[in-house]
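Tertiary structure, described
Residues per chain, in single letters:
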Amino acid sequence: MLRAAFPDLRLELHEVIADGDRTAVRYTLHGTHEGELMGLPASGQRVASDGMVFARFENGKVVERWGVQDMLTLLQQIGAFPAPAAATG
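Here we summarise the structure given alongside this text.

Reading the values: the criteria
- Residues numbered from 1 in each chain as written.
- Predicted model: local features only at pLDDT ≥ 70, side-chain atom pairs only at ≥ 80, totals over all residues.
- Heavy atoms only, no water.
- Patch = residues over 30% accessible without salt bridge, like charges linked within 9 Å, V, L, I, M, F, W, Y side chains within 5 Å.
- Areas by Shrake-Rupley, 256 points an atom, 1.4 Å probe, with all protein chains shown as cover.
- Salt bridge = Lys/Arg side-chain N within 4 Å of Asp/Glu carboxyl O.
- Helix = DSSP H or I, 4+ residues; strand = E, 2+ residues; numbered from the N terminus.
- Buried < 20%, exposed > 50% of the residue type's maximum accessible area, 1.4 Å probe, protein only.

**So, a nonpolar patch on the surface**
A cluster of nonpolar side chains, contributed by Met52, Phe54, Trp66 and Val68, occupies part of the molecular surface with about 360 Å² of accessible area. On the secondary structure map, Val68 appears in strand 4 (residues 61-69).

Here it is, written out as structure tokens:
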């Protein structure tokens, strides 16, 4: 889904930690919204969205995976949701 919407998708890895059969990765996804995403037409906007993924391996293969992606920020960047108003003080 993401590769179709962001054909120039790339991940900037910030941390990769491995311990035994588990690995954790913290990253930022970068790309240009050039294809449909969840019914939203291409906006041409460049995006950056943070995420983390954790995986457990057996015999060299991923057998479990858990992840989070900041989709709200990504959707705000392509205009699907308004960005929060700046605080005034």
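**Here's the deal with the pattern of salt bridges**
Summed over all chains, the structure comprises five salt bridges. Its salt-bridge partner being Asp21, residue Arg22 comes within 3.7 Å of it at the nearest N-O pair. You can call Arg22 partly exposed: its relative accessible area is 42%. A residue is classified by how much of its surface remains accessible, and Asp21, at 34% relative accessible area, is partly exposed. Measuring nitrogen to oxygen at the nearest pair gives 2.4 Å for the salt bridge that ties Arg56 to Glu64. For Arg56, a relative accessible area of 15% corresponds to the buried category. Residues joined by salt bridges that share partners form a network here, namely Arg56, Glu58 and Glu64.

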